[in-house]
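Letter by letter, the chains look like this.
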Amino acid sequence: MNPPDPITRLNAALEGRYLIESELGEGGMATVYLADDIKHERKVALKVLKPELAAVVGADRFLAEIKTTANLQHPHILPLFDSGEADSFLFYVMPYVEGETLQERIDREKQLPVAEAVRIAADIAEALEHAHRQGIIHRDIKPANVLMSNGRPLIADFGIALAVGVAGGDRLTETGLSVGTPWYMSPEQATGDQQVGPASDTYSLAAVLYEMLTAEPPFTGRTAQAVLGRIIQGALVSVSETRKSVPVNVDHAIRKALERLPADRFTGVGEFAAALGQPGFRYADPSVGTRSERNRLWKGISIGSTILAAGFGVAFVWAVQRSPERQVMYAPLALADEQELVPVGSPSVALSRDGTRLVYTGSWDGSQMLLLRRMDRLEVEPVTGTEGAHDPFFSPDGSAVGFFSGGKLRTVSLVDGRSLTLADVPTSRGGTWSDDGYVYYAAGTVGGLRRVRETGGGESETVTQLLASHRWPSALPGGAGVLVGTYAGDAAYAGIAVVPPGDSARLVIEHGLMPQYSATGHLVFVDLDGAVQAVPFDLETLETTGPVFTVFEGVSVDLSSVGADISLAQDGTLAYVSGSSVYGLVRVDRNGVERVLADSLLGLEAVRVSPDGRQLAMSMQERTGMAVMVYDIAGGASRRLTFDGTARYPSWHPMGDRLVFSLRTPSTDGVDLYEVSTNGGEPPTPVYQAPFDQYEGEWTPDGERLAIRETTPVRGRDVVSFEMGDDSVSSVLRTPFNDRAIALSPDGRRIAYVSDESGVDEVYVRDFPGPGGRLKVSVNGGGEPRWSADGRELFYRNMRSFVAVPIRDGPVFQYGQEQVLFSDVYARNGDHGQYGVDPTGEFFYLPQSATRKASVVLVFNWSDALLERMPN
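Scanning the protein for helices and strands turns up 14 helices and 62 strands. Of the contacts formed within the protein by residues at least 6 apart in sequence, a portion of 50% connects residues at least 24 apart. About 34,500 Å² of surface is accessible on the protein, with carbon and sulfur atoms providing 49% of the total.

A large share of strand S36 (residues 574-578) lies buried, amounting to 5 of its 5 residues. Residues Leu-574, Tyr-576 and Ser-578 line one face of S36 and the alternating positions Ala-575 and Val-577 line the opposite face, and both faces are buried. In the sheet, strand S35 (residues 566-568) pairs with S36 via 3 bridges, with the strands oriented antiparallel. Residue pairing for S36: Ile-566 is matched across the bridge by Tyr-576. Taken together, S35 and the strand that follows it, S36, pair antiparallel across an intervening segment of 5 residues, in which Gly-572 is found at a positive phi of about 95°.

The next subject is the nonpolar core. Core analysis: the largest hydrophobic core is formed by 48 residues, its most contacted members being Leu-102, Leu-209, Met-212, Leu-213 and Phe-272. Going through the elements one at a time, helix H4 (102-109), helix H5 (114-133), strand S7 (146-149), helix H8 (198-214), helix H11 (248-257) and helix H12 (269-276) are the ones with two or more residues in this core. Counting residues in each nonpolar core, the second largest holds 26 residues, with Tyr-487, Ala-494, Val-555 and Ile-566 among its members.

Here we take up the sheet that holds strand S46 (residues 685-688). Picture the strands of a sheet paired through backbone hydrogen bonds; they go either parallel or antiparallel. Taken in spatial order, the 4 strands make up an open sheet running S43-S44-S45-S46, and their pairing is antiparallel. The open sheet terminates on both sides in strands that have one partner only, identified here as strand S43 (646-652) and S46. If you compare each strand with its neighbour and ignore which way they point, the axes differ by 40° on average. Across 5 bridges, the pairing between S43 and strand S44 (residues 658-664) is antiparallel.

Between Phe-768 and the following residue, Pro-769, the backbone shows a cis peptide bond with an omega angle of 0°. Its location among the elements puts Pro-769 in the loop between strand S53 (762-767) and strand S54 (774-776). Residue Pro-771 is bonded to the preceding Gly-770 through a cis peptide linkage, with omega at -5°. Its identity as a non-glycine residue notwithstanding, Trp-472 has a phi of 50°, on the positive side. Examined against the element boundaries, Trp-472 turns out to sit in strand S24 (residues 469-475).

Most of strand S47 (residues 693-699) sits out of view: 7 of its 7 residues are buried. Hairpin geometry of S47 and strand S48 (residues 705-712) is characterised by an intervening segment of 5 residues between the two adjacent antiparallel strands and by a positive phi of about 70° at Gly-703.

So, on to the packing of aromatic side chains. Inspection of the entire model under this criterion finds 18 aromatic pairs. When the ring of Tyr-753 is compared with that of Tyr-764, the centres are 5.8 Å apart and the planes differ by 20°; the resulting orientation is stacked. In this pair, Tyr-753 is assigned in strand S52 (residues 750-755) and Tyr-764 in strand S53, connecting sequence segments 11 residues apart. Each member of the pair, Tyr-753 as well as Tyr-764, is classed as buried. Between Phe-822 and Tyr-826 the ring centres are 6.4 Å apart and the planes differ by 85°, which places this aromatic pair in the edge-to-face class. Considered together, Phe-822 and Tyr-826 belong to a single accessibility category, that of buried residues. Taken together, Phe-795, Phe-802, Phe-822, Tyr-826, Tyr-835 and Phe-844 form an aromatic cluster joined through their ring pairs. Over the ring of Phe-81 we find Arg-42; its NZ or CZ atom is 3.8 Å from the centre of that ring. Sitting over the face of the ring of Phe-266, Lys-256 holds its NZ or CZ atom 5.5 Å from the ring centroid.

Okay, the confidence of the model for the protein next. With 85% of its residues at a pLDDT of 70 or more, the protein has an overall mean of 82. Counting interchain partners and residues more than four positions distant, the pLDDT-below-50 stretch residues 167-179 has 28 contacts. When the criterion is pLDDT under 50, residues 286-325 qualifies, and its contacts beyond four places in sequence or with other chains add up to 81 contacts.

Taken N-terminus to C-terminus, the directions of H8 and H12 make an angle of 30°; their axes are 9 Å apart at the nearest point. Judged by the inter-axis angle, H8 sits roughly parallel to H12. Considering only the axes of H8 and H12, their crossing is right-handed. On H12, the residues that touch Thr-202, Leu-205, Ala-206 and Leu-209 of H8 are Val-269, Phe-272 and Leu-276.

Turning our eyes to something else, we now look at H5. Over its 20 residues, H5 extends 28 Å from the first C-alpha to the last, a length consistent with the 28 Å expected when each residue adds 1.5 Å. Count one or two residues on from H5 and you reach Gly-135, which has phi positive near 80°.

Every buried residue of H12 is listed here: Val-269, Phe-272, Ala-275 and Leu-276. An end-on view of H12 places all buried positions within 115° of arc, on one side of the element. Those residues of H12 that are buried are in contact with H5, H8 and H11.

Reading guide: rules and limits
- Residues numbered from 1 in each chain as written.
- Predicted model: local features only at pLDDT ≥ 70, side-chain atom pairs only at ≥ 80, totals over all residues.
- Heavy atoms only, no water.
- Helix = DSSP H or I, 4+ residues; strand = E, 2+ residues; numbered from the N terminus.
- Contact = heavy atoms within 4.5 Å.
- Areas by Shrake-Rupley, 256 points an atom, 1.4 Å probe, with all protein chains shown as cover.
- Buried < 20%, exposed > 50% of the residue type's maximum accessible area, 1.4 Å probe, protein only.
- Pairing = 2+ DSSP bridges.
- Core = buried A, V, L, I, M, F, W, Y, C linked by side-chain atoms within 4.5 Å.
- Axes fitted to C-alpha atoms, helices over the stretch in contact; angles between N-to-C directions.
- Phe/Tyr/Trp six-rings, centres within 6.5 Å; stacked < 30°, edge-to-face > 60°.
- Lys NZ or Arg CZ within 6 Å of the ring centre and 35° of its normal.
- pLDDT = per-residue confidence, 0-100.
- Parallel < 35°, antiparallel > 145°, perpendicular 65-115°, else oblique.
- Left-handed = near helix turned anticlockwise from the far one by under 90°.
- Expected span 1.5 Å × (residues − 1).
- Arc of directions from axis to C-beta.

What follows is the structure, encoded as structure tokens:
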């Protein structure tokens with residue numbers, strides 16, 4: 001018999017006092033519930049301390065300490081109504097405020113109006129000063145702890161962090177549990193000092209104001225440890241560098257409040273608020289420089305070039321002239337909601353060689369297309385004729401852009417809008433435009449590196465063909481060759497090769513992604529953890545000439561496509577999308593309320609719910625390769641089922657006792673379908689092997705037939721049907737388009753899938769195994785369809801949201817008007833559905849990326865950072 005859930009236990013323990021209605025969310029220290037205060041007939045927020053914290057803190061000490069905050073009365077402080085212990089739960093009760101948190105508003109608007117952000121900070125400062133005068137420090141000021149009511153802030157959880165910290169004492173430190181949130185911790189709090197004072201809250205408030213103005217906290221990182229390290233040792237990027245409309249006094253006040261030493265900050269939070277309102281306030285910080293000095297930093301890098309004959313073609317030797325005045329600057333690119341980046345599971349950004357133009361895969365009027373940002377302008381503009389585009393790259397002179405769309409390799413002029421189709425590329429893995437007049441591209445998962453003339457009209461030709469797949473090529477300057485990623489079935493073994501003109505490829509880096517050449521004379525690439533690496537590289541010999549070293553961290557990595565979101569210009573500018581390959585496993589209900597089940601999972605993908613709803617199957621990156629795992633939802637334990645090769649994309653048998661999945665082993669060249677028992681102890685056995693790669697399979701309800709998605713060099717992704725009894729294979733979808741992300745209906749009569757036949761990805765439904773027509777279900781693009789267990793709904797994802805479509809199936813298939821369920825900020829995979837649907841249809845299980853909202857970051861003078869970090 002399963003133990004009662006927390007809400008049932010709480011309602012039993014609090015009977016007659018409070019009645020829990022639902023879970024509102026979960027923070028670092030407590031789970032929040034919406035409850036009825038029975039005695040006073042009002043809604044309240046009842047917060048229950050995390051069990052691990054409650055066990056360390058103890059009820060008596062926590063309840064004694066929390067009393068000190070009960071008497072705080074201020075218009076901008078959310079009062080404490082009640083606290084207590086019930087059935088081992090430690091809880092406290094506060095008013096329920098309808099509206100949103102400051103964090104939610106920042107996530108939605110990214111950057112708040114300057115005047116309003118300063119006013120909100122001043123209101124918070126007033127409340128903090130009131131508490132400080134009574135000797136109470138909040139210790140966890142962050143946007144998520146600020147509720148917005150009628151435009152005014154209310155600080156929540158006042159003194160809770162203090163109560164936990166004081167009551168827990170040394171035991172809290174010994175367990176490794178921390179109080180506070182890394183992005184807003186003061187340096188003294190980050191180093192474990194339990195005796196923090198008012199200056200710590202001042203620092204945290206300045207960090208919150210910084211985020212209100214720039215959409216990012218002052219210091220970011222891939223992990224909490226990285227964030228804390230940068231708080232203690234990192235260099236602060238001035239607010240005015242990111243947002244020039246911020247008044248000088250506000251910029252200077254924030255810098256003073258964010259000083260590492262408490263003694264160097266304001267004497268009180270009220271003084272900080274006063275400085276924000278004084279136009280003449282200035283703070284001399286020699287590490288940042290004057291505004292005129294900062295303006296000089298935007299002029300870029302002076303590059304001299306010497307042209308040398310080098311065998312076949314021309315090679316460039318770049319000399320970078322450094323200036324002591326220049327500083328490396330990280331600037332998040334502010335994007336409106338309707339222009340935000342669209343994560344497509346492959347590289348999304350590209351810089352022109354001179355660094356004056358940036359294109360990215362974005363959203364415009366509800367369509368996915370390329371958006372252009374010229375560095376001398378503030379506005380973003382759409383690139384006409386690029387609907388459905390992905391994997392962009394610039395021509396050498398920056399006047400045109402290449403991209404892939406609808407199974408075609410295309411280019412478009414940024415001068416006159418003239419568009420060319422260069423080649424059919426059913427499955428693409430990136431392109432590059434060389435100085436030799438050719439566009440090089442990776443011809444999918446099984447094709448080699450190919451090229452076609454930039455003028456179009458000619459036949460494409462194979463440049464090199466390795467046993468490994470080619471990924472994300474990058475032309476070397478002067479036609480000296482092409483760098484290209486290699487992939488032999490697992491991201492852990494992805495490497496980098498160089499292809500000299502007229503010669504075959506040779507490996508130069510054993511482990512790395514997304515190679516590019518820097519004007520400093522280095523080969524730059526990204527590792528699986530999102531760290532940017534560099535190694536000296538000789539353009540004449542096309543060989544590395546020194547050790548590899550790390551330049552910075554935090555680049556978005558997609559292990560499914562074995563790519564990274566980064567682009568390097570030769571003027572020393574760099575653009576990347578912030579992120580990580582580390583995921584959390586989350587459960588999300590139809591209203592978007594999220595619960596984290598597990599975190600710190602590398603390369604998590606393809607979550608599927610067992611027929612009884614008790615287990616999840618998924619694939620994850622392990623040290624030895626991608627592996628299929630089974631996760632117990634109630635107990636939280638996971639078991640690894642595969643140990644050899646690259647195992648991906650598991651799917652449940654109707655009986656729930658085994659999985660079918662794709663597997664590439666060290667002894668095979670291709671990818672085939674295998675099955676494995678969920679009980680463990682038995683090695684996988686082959687189910688279906690064919691000349692082409694088989695990447696996903698789904699059983700019909702009787703377990704007698706499989707729908708299979710395969711990849712071919714000519715057509716790209718197709719769908720076939722495999723009869724288990726007689727090993728017969730029949731075509732379901734063999735088209736010139738990419739047909740993928742398959743999902744069989746619960747009765748096995750229909751198949752939902754994604755196709756790019758219209759030029760953009762859309763969701764279609766047709767009879768299975770056929771014949772018959774098909775219907776387009778999605779509106780303005782869609783991907784990753786999944787059915788509800790009863791077949792009455794079909795779910796899919798568009799650019800912004802999870803969507804449910806009502807289904808009425810009988811002799812004629814019919815569907816109704818779609819319903820948007822919740823905002824989609826989760827990891828994606830264009831080829832295979834990332835998420836699983838609970839049998840009730842009320843919950844979705846899926847990977848949560850470490851970075852919830854993708855952010856394009858521009859790094860100016862970044863080559864200085866490379867040279868500074870280069871080993872002597």
